[in-house]
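Report on the structure
Chain by chain, the residues:
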Amino acid sequence: MEKENLANLRNIGIAAHIDAGKTTVTERILFYTGKSFKLGEVHEGTAIMDWMEEEQKRGITITAAATTCFWKDYRINIIDTPGHVDFTIEVERSLRVLDGAICVFCGVGGVEAQTETVWRQANRYKVPRICFVNKMDRIGSDFIKVVNEIKGKLSKNAVPIQLPVGKEKDFKGVVDLIKMKAIIFDYEDESGEKFEEHDLTDDMLEEAEKYREIMMEGIADKVDWFMDKYLSESAIKEEDIVRAVREGTINSGLIPVLCGSAFKNRGIQQLLDAVCYYLPSPLEIPPIKGTHPKDDSVIQRKPLATEPFSALAFKIASDKHGDLTFIRIYSGTITSGQRLYNPRFRKKELASRIYSMHADKREQLESASAGDIVAIVGFKDTGTGDTICVEEYPIILERIEFPETVISMAIEPKTESEKEKLVFVLARLAKEDPTFRVHTDSETSQLIVSGMGELHLEVLKNRMLSEYKINANVGAPRVSYRETIGHEAEVDEKFVKQTGGRGQYARVEIRLEPYVGEKLVEFEDKIKGGAITKQYIKSVEKGIMDTAKSGVSGGYPLINIKVTLLDGDMHSVDSSEFAFYHAAGIALRKAVEKAKAILLEPIMQIEITVPDNYLGDVLGDLNGRRAHIIEMATEGDLRVVKGKIPLAESFGYSSVLRSITQGRGTYTMEPLEYKPAPAKTYSNVA
Ligand code: GDP
C-alpha cells in the first residue's frame, strides 16, 4: 500500500461489556459500509461477525476475526475483540495489533466493571479510543450520566462531541457539537440510511452551547496550539477543531464521546466518520520494535512498504476452506507464493495465498504491505504470537505474553479409535489459542488439557464436539498449583562421576531468594573472572529453568524466585554442558528444600451481578468458599460484588449461582494471582 493510502487505513477494535451492543454496532458498520446487505439480529444468531458455531450458541463473541470494509476514502480493518472476561487474553492480543478502538457503552447500564478491565488493558497498550454510548432509544438511557461515569471511572479526558436529540423512543438523532448542527434521521426509513442536517432549534441551542464550551475546553486542555487559538480567536474553524480532536485523541489521551442507537440504526455513519477523522493510521503509531534472533540487539522497523518484511501472527482460525493465519504487517511487502521465515522455529513458511477477509467472503490479494491486516493460507507451524519475517532480515517482534494456565482436566475419547483424532484436534486448538495447553501425563499416560478457567475448557470441549465431531470424556477439574520459597538459601554443589574413561565434573554455587518481578524465575550470573565458561553458564541457566518448570517436591512449577550463580569450577577434560546442566538442577532442588517450599494456589478475580434480594444468599455462600469481598456497588436494582476466590473453591460455580439466584445472577472470573494455599492442601493434592 502506498503512503497516501496508508494514511487512509484504520485498524480498529470494538470493545464493550457484554450486551452493550458490540455485535449490533459491528453489524451495522458492515451494513453501512456496503459489505453486508441484510440486517440480521443478534438474537436470531445470524450476526455476521459471529461465524463460529460456539459463538452463535452463546450469543457472545469469543474469538477475534478481522474484517475489512470501506467507508468514504478509507479502508477499515475491524479486529473483533471478545467481551467475556474469561477471554481477556484474546482482548490483549487484539489490542496488540490494532491502532485505535471504539468502546461501546450501554446508555442505561453505563460503565460496567468489565469495561474497566478492558480499559486498563487498552491503557497499557496506549490505544487511542473513542466512546460510543449506544442504546439511546432505551427507556432510562441518559447520555450525560454515562459521560460522567466514563469521566469518573475511566478517564477525565472524555469529552462529548455530540448530544442526543430526543430521548428514549423519541430519540431521533444527534447534535454535532463541532458543526453545531442537528443530524436528524428519517422516521420513516428504518434502515437509517436517510438523515438530514438541520440548524439547531431554540430548545437545543442552550444545552448545545454549554456542552460545546466544555468540549472546547477539554480539547484545549490537551492540545497546546488549540489552547492559543481558543483564547485568542472568537470563531474557530470547524477544520481546526477536527484537527485538534484528532491530535488530542492520537497523542494525548483525549476521548471523544459519541452517541446513538445501533438497534434503531441511528448514529452509526457519524461513528464511522469519527473513526476515520480521529483514530490513527498505521503511520501515526510509533515504529515497531523487535530484536535480532542471534544477538538480541534491538531493531526498529518503520511502517513502510520498502522496509524488510515483518509481521505478527495474532490469530489462527479454521473455517470451512481451511486454516487461516491472521497477520498484522508492520513493515515491508509480501506477494502471494512468497517464502517467509519463522525465527522461532528457524523454519521457512510459504504464504501460498493472501486474503483480505470480509465478514461473509474473502478476496484474494496479489500482495499486502505495511500497516495492513490480512489472512494467509499456507503457513504450517506458525502459532499465535509468532513473528513472521524474511530470512535475510530476521527479527523477533515482542512476543505477546500469555498467562500461566490455572486449571487442568484429564481428557479421553469416548472410543479408543478416536484417540488419534483427539490428539490432532487438541494440538490444533492449542495452536489457535496459546492459553490452552495439552500434554501427556508421564505417569498415567493420560492426556491433560489446561486453560484459564472452567468456562474456557468447557467452550473448547463444546467446539471439539460441534466443529470436529469428537466426543470426549473429561475428568474433574484440577487446580494447577505452584511452589515458591519462604527465605533465602545457598548451595554449593559438585557433580562428579568417574567411571573409567572420560568422567563428568561440574561445580556450581547458587543463591536462591524470594523475588517478585516481570519474570516468574529470574536468573542472574555473578561469576567473576571466568571461573566457568560462557557456554557452561548457559547450561547452568538451562538446568535451573528446566528444573524450575518441572517442579521440585510435588512436581509444581516454581515461581517468584531468583537464582544467582555465585561461583563455579570446571575441569579441562571432564567438564561438559551436560555436567553443568545436571549440577544446576541438583543444586536448585537442594536449595528449594533448604529455603522451605511454600505451595501456592491460583486466586481468581470474580465479579458477580445479582438482583438485590439474592445478595444475602450469594454472600453467605461466598463466605463458605474462602472468598474475599473487595467491593460492592449498586447498579440500578442490581448489586455488583467484586472479590477474590481461590480457584479450588470455585468449581461448578455457574450452577451454584444459578440455583441460588434462580438463574438471575451472572458472574465473570479470571486468574488474578497466586497465594499460599491452606496448610492441609498439600496432603490433599500430593
Ligand atoms: P454485545 O454482547 O455487546 O455484542 O451486544 P449485542 O449487540 O449482542 O446486543 C445485546 C442486546 O442488546 C441485543 O438483544 C440487541 O438487540 C440489543 N441492542 C443492541 N443495540 C441496541 C440499541 O441501540 N438499542 C436497543 N434498545 N437495544 C440494542
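You'll find the structure just up there.
Heads up: these notes are all about the structure in this document. (Residues numbered from 1 in each chain as written. Predicted model: local features only at pLDDT ≥ 70, side-chain atom pairs only at ≥ 80, totals over all residues. Heavy atoms only, no water.)

Glancing now at the overall build of the chain. A tally of regular secondary structure across the chain gives 17 helices and 38 strands. Against the compact-globule benchmark of 26 Å for 686 residues, the chain has a radius of gyration of 28 Å, which places it among compact chains. Along the three orthogonal principal directions, the C-alpha set of the chain runs to about 100 × 65 × 60 Å. Out of the 686 residues belonging to the chain, those deemed buried represent 55%. Of the roughly 30900 Å² that the chain leaves accessible, carbon and sulfur atoms contribute 49%. In the chain, the 91 positive side-chain charges and the 106 negative ones have mean positions that sit 4 Å from each other. (Helix = DSSP H or I, 4+ residues; strand = E, 2+ residues; numbered from the N terminus. Rg over C-alpha atoms; globule rule 2.2 N^0.38 Å. Buried < 20%, exposed > 50% of the residue type's maximum accessible area, 1.4 Å probe, protein only. Areas by Shrake-Rupley, 256 points an atom, 1.4 Å probe, with all protein chains shown as cover. Lys, Arg positive; Asp, Glu negative; His and termini not counted. Charge placed at Lys NZ, Arg CZ, Asp CG, Glu CD.)

This part is about the site of the ligand. Near the ligand there are 16 residues, and of these D19, K22, T23, T24 and D137 occur at the shortest range. With respect to the ligand, the backbone of D19 contributes an N or O atom lying 2.7 Å from an oxygen atom. The side chain of D137 places a nitrogen or oxygen atom 2.7 Å from a nitrogen atom of the ligand. In the complex, 86% of the free accessible area of the ligand, which totals 580 Å², lies under the protein chains. Per element, the largest residue contribution to the shell around the ligand is 3 residues, and it comes from helix α2 (residues 22–32). Split into classes, the residues belonging to the shell around the ligand amount to 5 nonpolar, 6 polar and 5 charged. (Near = heavy atom within 4 Å. Polar contact = N/O pair within 3.5 Å; in protein donor to acceptor, adjacent residues only side chain to side chain. Nonpolar A, V, L, I, M, F, W, Y, C, P; charged D, E, K, R; others polar.)

A word on the pattern of salt bridges. Applying the stated criterion across every chain yields a total of 30 salt bridges. Among the salt bridges present, the one from D99 reaches R328, with a minimum N-O distance of 2.8 Å. Taken together, the residues span a long stretch of sequence, with D99 in the loop between α4 (88–97) and β4 (100–106) and R328 in strand β15 (residues 322–331) at a distance of 229 residues. Where D567 meets R507, a salt bridge forms, and the shortest distance between an N and an O atom there is 3.4 Å. A residue pair is termed long-range when its members are at least 10 positions apart, and D567 in strand β34 (residues 561–569) and R507 in strand β32 (residues 504–514) qualify at 60 residues. Among the residues examined, R507 registers a relative accessible area of 12% and is labelled buried. (Salt bridge = Lys/Arg side-chain N within 4 Å of Asp/Glu carboxyl O.)

Looking now at the packing of aromatic side chains. In this description, an aromatic ring pair is defined by two values, namely the gap between the centres and the angle between the planes. Using the criterion set out here, one finds 9 aromatic pairs in the structure. Aromatic side chains F185 and F195 sit 5.2 Å apart centroid to centroid with 50° between the ring planes, which places their arrangement in the tilted category. Of this pair, F185 sits in strand β9 (residues 181–185) while F195 sits in strand β10 (residues 195–199), placing them 10 residues apart in sequence. Sitting over the ring of W225, R243 keeps its end group 4.2 Å from the ring centre. Just above the ring of Y187 sits the side chain of R266; from NZ or CZ to the centre is 5.9 Å. (Phe/Tyr/Trp six-rings, centres within 6.5 Å; stacked < 30°, edge-to-face > 60°. Lys NZ or Arg CZ within 6 Å of the ring centre and 35° of its normal.)

The values are spatial; any link to function lies outside them.
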